[in-house]
Amino acid sequence: MSSKFESFLQETKQLIDRELPEFINRLDAEHRLKEAMLYSLEAGGKRVRPVLLMAVLDAYGQPISDGLEVACALEMVHTYSLIHDDLPAMDDDDLRRGQPTNHKVFGEATAILAGDALLTHSFSMISNAPHLNDDVKVKLISIFSEAAGASGMVGGQLADMLGEGKQLDVDQLASIHHRKTGELLAFAVKAGALIAGATMTDAVKLSEYGKEVGLLFQIKDDILDLEGDAQLIGKPVGSDLSNNKSTYPGLLGMDGAKEMLATHHQKALDPLKEIGLAGTLLEDLANYIVQRNH
Ligand SMILES: CC(C)=CCC/C(C)=C/COP(=O)(O)OP(=O)(O)O
Ligand SMILES: C=C(C)CCOP(=O)(O)OP(=O)(O)O
């Protein structure tokens, strides 16, 4: 990891960790609801999606503060998805980000509502972002709702659940993962390109990069689910197996999954080269996703 990337990661994470609670504290809502929202937001995620968005801004010389509201909105939608994913009706998990899951602490009903409130507030945050013009805001809201909704993350989550216990092939698995996980990561990149005013050619190549990064992220997640350290990943090891999920190591073997990781790592870097963004923080970020241990 380059020292520039290490300090960028640290600074961006600190900025998000500091600002995220402010957006919740300002809400005129029940204390209990805000407490449940803050509980999961402050549990300490890696903040990969905000960092990705801000790395695109940095690559185009745009101040990262221009993306603050959208980056925080994105982290809120991601956090809502984890709260709901952990519910008894879905994965029924007890541990997330190294802490008891939201419903274990606040009860199911409040956990559902905390997720709902994070989702809905995220759109209000984008519409009120002070540095963005209305045209950009409308486009952002449109692509964000597509990425998070029925054709993206929500539908991908259902497809994932319907696939449990079934023998999926690698293409089917990649398609589910693209919707469930990849769309939100790809949105981070597309949002950065929109805010930075990237050309159409650059935006297309950045989307290719975003799609590959989403896939990389999920392959690595499956590998960590088997080889990771429960303490570091903040959830039990082997949960995919116990939930009967198809995974890349399950379909390809661990060596095959690692080979696939290497192939898609290269595929993520190629579009960056084509638009002269090799060697930027975006390359470091793809490397970080491949090498991460949590
Ligand atoms: C609309 C909803 C609820 C979307 C959930 C999306 C999502 C990426 C969940 C985590 O996936 P995972 O179960 O593979 O990861 P983990 O092992 O971290 O729970
Ligand atoms: C999409 C998946 C695989 C769920 C976990 O996402 P992250 O690994 O980004 O979780 P946090 O760091 O935000 O907790």
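These numbers come from a predicted model, not from an experiment.

Undergrad: Would you take a moment to explain the site of ligand 2 for this structure?
TA: The full set of residues close to ligand 2 is G45, K46, R49, H78, L82, R97, T181, F217, Q218 and D221. H78 places a polar side-chain atom, nitrogen or oxygen, 2.8 Å from an oxygen atom of ligand 2. R97 places a side-chain nitrogen or oxygen 2.7 Å from an oxygen atom of ligand 2. Burial of ligand 2 by the surrounding chains reaches 87%, relative to a free accessible area of 390 Å². The greatest single-element share of the shell around ligand 2, amounting to three residues, is contributed by helix 10 (residues 200-227).

Undergrad: In this structure, what is going on with helix 9 (residues 170-196)? I would like to understand it.
TA: Where helix 9 bends most, at G182, the angle is about 55°. For helix 9, the tally of buried residues reaches 19 of 27 residues, placing the bulk of the element in the interior. Capping of helix 9 at its N-terminal end is provided by D169; its side-chain oxygen lies 3.2 Å from the backbone amide nitrogen of D171. Positive backbone phi, at 70°, marks G197, one or two positions downstream of helix 9.

Undergrad: Is there a simple way to think about the site of ligand 1 in this case?
TA: As a structural note, the neighbourhood of ligand 1 is formed by 13 residues, with D85, D91, R96, K180 and K235 the closest of them. In this structure, D85 approaches ligand 1 through a side-chain N or O atom, which is 3.0 Å from an oxygen atom. In this structure, an oxygen atom belonging to ligand 1 sits 2.7 Å away from a side-chain N or O atom of R96. Coverage of ligand 1 by the protein amounts to 91% of the 510 Å² it exposes when considered alone. If one sorts the elements of the shell around ligand 1 by residue count, helix 4 (residues 68-85) sits on top with four residues. A breakdown of the residues in the shell around ligand 1 according to their chemical character gives three nonpolar, four polar and six charged.

Undergrad: Please clarify how the nonpolar core should be interpreted in this entry.
TA: L52, L53, V70, L140, L206, Y209 and L282 are the most contacted members of the largest nonpolar core, which has 86 residues in total. With twelve residues, helix 9 is the largest single contributor of residues to this core.

Undergrad: I keep staring at the packing of aromatic side chains and nothing clicks. Help me out?
TA: Two aromatic rings, taken as a pair, are described by how far apart their centres are and by the angle between their planes. If you walk through the whole model with that rule in mind, you get four aromatic pairs. Summarising the aromatic geometry, the rings of F123 and F144 are spaced 5.2 Å apart at their centres and angled 45° between planes, so their arrangement reads as tilted. On the criterion of sequence distance, the pair formed by F123 in helix 6 (residues 108-127) and F144 in helix 7 (residues 134-148) is long-range, its members being 21 residues apart. Aromatic rings pair up to connect F123, F144 and F187 into one cluster. Here R49 stacks its cationic end above the ring of F217, 5.3 Å away from the centre of that ring.

Undergrad: Help me understand the packing of helix 4 against helix 8 (residues 153-162) in this model?
TA: Two quantities define a packed helix pair, namely the angle between the axes and the distance from one axis to the other. Close contact between helix 4 and helix 8 brings their axes to 12 Å; oriented N to C, the two are set at 25°. One way to sum up the angle between helix 4 and helix 8 is to call them roughly parallel. Considering only the axes of helix 4 and helix 8, their crossing is right-handed. For the pair formed by helix 4 and helix 8, the contact residues are V77, Y80, S81 and D85 on the first element and M153, V154 and Q157 on the second. When its residues are assigned to classes, the contact of helix 4 with helix 8 shows four nonpolar, two polar and one charged.

Undergrad: Hey, could you run me through the pattern of salt bridges in this one?
TA: Using the criterion set out here, one finds 19 salt bridges in the structure. Notably, a salt bridge pairs R97 with E75, separated by 3.2 Å at the nearest N-O pair. In this pair, R97 sits in the loop between strand 1 (95-96) and strand 2 (99-100) while E75 sits in helix 4, placing the two residues 22 residues apart along the sequence. We note that R97, like E75, is buried. Sharing partners across several salt bridges, the network here consists of K13, D17, R47, E75 and R97.

Criteria and thresholds
- Residues numbered from 1 in each chain as written.
- Chains lettered and ligands numbered in written order.
- Predicted model: local features only at pLDDT ≥ 70, side-chain atom pairs only at ≥ 80, totals over all residues.
- Heavy atoms only, no water.
- Near = heavy atom within 4 Å.
- Polar contact = N/O pair within 3.5 Å; in protein donor to acceptor, adjacent residues only side chain to side chain.
- Areas by Shrake-Rupley, 256 points an atom, 1.4 Å probe, with all protein chains shown as cover.
- Helix = DSSP H or I, 4+ residues; strand = E, 2+ residues; numbered from the N terminus.
- Bend = angle between axes of the 7 residues up to and from the residue.
- Buried < 20%, exposed > 50% of the residue type's maximum accessible area, 1.4 Å probe, protein only.
- Nonpolar A, V, L, I, M, F, W, Y, C, P; charged D, E, K, R; others polar.
- Core = buried A, V, L, I, M, F, W, Y, C linked by side-chain atoms within 4.5 Å.
- Phe/Tyr/Trp six-rings, centres within 6.5 Å; stacked < 30°, edge-to-face > 60°.
- Lys NZ or Arg CZ within 6 Å of the ring centre and 35° of its normal.
- Axes fitted to C-alpha atoms, helices over the stretch in contact; angles between N-to-C directions.
- Parallel < 35°, antiparallel > 145°, perpendicular 65-115°, else oblique.
- Left-handed = near helix turned anticlockwise from the far one by under 90°.
- Contact = heavy atoms within 4.5 Å.
- Salt bridge = Lys/Arg side-chain N within 4 Å of Asp/Glu carboxyl O.

Without other data, these values stay purely geometric and don't point to any function.
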